[in-house]
Amino acid sequence: LSNPDLIEEVLVRQPQKFEKGPGLRDAAQRLLGEGLLTAEGNLWLKQRRLAQPAFHRQRIAEYSQTMSNQALFHIRDWKDGDRRDMAEEMMALTLEIAVRTLFGTEFTNEAKPVGKAVTRLMRYQIRRMRSPIKIPPHWPTRSNRRADRDYKYLDSLVYKIIETRRQAVAAGQAPQSDLLSLLMAATDDQGGRMNTKQLRDEVMTLFIAGHETTAVTLGWTWHLLSQNPRAEQKLHAELDSALNGSAPSIDRIRHLPYLDAVLHEALRLFPAAYIIQRTSNEPVTLGGYHFPRSSTFLMSQWI
């Protein structure tokens, strides 16, 4: 689908007739489980309501301070004339920010390979999606074995953090304001809370979605600014004027309209997620054409 009206029909006007479909589940369910990105229907709605308080405006303001502090800390040793791979630098920075906002901590040395494990799994899944021959993931090929080790490594890391946090709460330690603590404390209308598996799935979804996609967007932004010096100069002038040498904060964002435009243009040209898939769960009519149940629809925001 390339017509915006038809895309709106699928995503906004008739969403009950569609589900995310087997493509996303095959690509992401092993890593993300039944998190917000992959969940459907009532499960999605329940998880969405449980997670919502963690994204209240006041919470976002607290996270923004962490983001600003981590960014300044990350570049503390940068000097004029340095040559750096900005894609790698942004991946490292967003990893640090995701860990700090999600878990309220830093990864220990034994957990430092998490960034490489995530990158390998993303590339592994993309190769599987693009391959015309779908080798079952349980077959003991070299890439499947490597992916299985990475999956188990990430699972053990997240489950360990959840268990450590639960022990701290049971011991009467003061609650923290990171996302994991908020998700653990969230209750639904019946007073129910997320079980350990649900916590793992939501944390992993937020971790992957907030880490890799943001790093990719920032990497492309630096690339585009390097190719457009006039835009870079205009952006620097706005930052100098609005911030006046101070660190950025959430209350200053409204004074940075050109920065907002630059990021939107980077997303338009190089969207981190460049295609959306839906599968019809009943017969549907779009643009005068009739489609049976289980039809697959692709919508590319890049196009």
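### Observations regarding the overall build of the protein
In step 1: If you tally the helices and strands in the protein, you get 11 helices and 5 strands.
In step 2: Its C-alpha atoms give the protein principal-axis dimensions of roughly 60 × 55 × 45 Å.
In step 3: A total of 303 residues make up the protein; the buried ones form 33% of that total.
In step 4: Pairs at least 24 residues apart make up 63% of the contacts formed inside the protein by residues separated by at least 6 positions.
In step 5: Surface accessibility of the protein: about 18,900 Å² in total, with carbon and sulfur atoms responsible for 56%.
In step 6: Within the protein, the 34 negative side-chain charges are centred at a point lying 5 Å from the centre of the 41 positive side-chain charges.

### Points about the pattern of salt bridges
In step 1: One pass over the full model with this rule turns up 14 salt bridges.
In step 2: The partner of Glu-8 in a salt bridge is Arg-13, and the shortest N-O contact between them spans 3.7 Å.
In step 3: We classify Arg-13 as exposed; its relative accessible area is 52%.
In step 4: A salt bridge links Asp-155 to Arg-30, with the shortest nitrogen-to-oxygen separation between them at 3.5 Å. Here Arg-30 lies in helix α2 (residues 21–32) and Asp-155 lies in helix α7 (residues 142–170), a separation of 125 residues in the sequence.
In step 5: One salt-bridge network, held together by shared partners, links Arg-30, Asp-155, Lys-197, Arg-200 and Asp-201.

### Topic: the sheet that holds strand β5 (residues 296–299)
In step 1: Spatially, β1-β2-β5 is the arrangement adopted by the 3 strands of the open sheet, whose pairing is antiparallel. Either end of the sheet is taken by a strand with one partner, and the two such strands are β1 (18–19) and β5.
In step 2: With 4 bridges connecting them, strand β2 (residues 276–280) and β5 associate as antiparallel partners. Residue pairing for β5: Arg-278 is matched across the bridge by Phe-297.
In step 3: Contacting β1 and β2, α2 crosses the sheet at an angle of about 125° to β2.

Rules behind the numbers
Residues numbered from 1 in each chain as written. Predicted model: local features only at pLDDT ≥ 70, side-chain atom pairs only at ≥ 80, totals over all residues. Heavy atoms only, no water. Helix = DSSP H or I, 4+ residues; strand = E, 2+ residues; numbered from the N terminus. Buried < 20%, exposed > 50% of the residue type's maximum accessible area, 1.4 Å probe, protein only. Contact = heavy atoms within 4.5 Å. Areas by Shrake-Rupley, 256 points an atom, 1.4 Å probe, with all protein chains shown as cover. Lys, Arg positive; Asp, Glu negative; His and termini not counted. Charge placed at Lys NZ, Arg CZ, Asp CG, Glu CD. Salt bridge = Lys/Arg side-chain N within 4 Å of Asp/Glu carboxyl O. Pairing = 2+ DSSP bridges. Axes fitted to C-alpha atoms, helices over the stretch in contact; angles between N-to-C directions.

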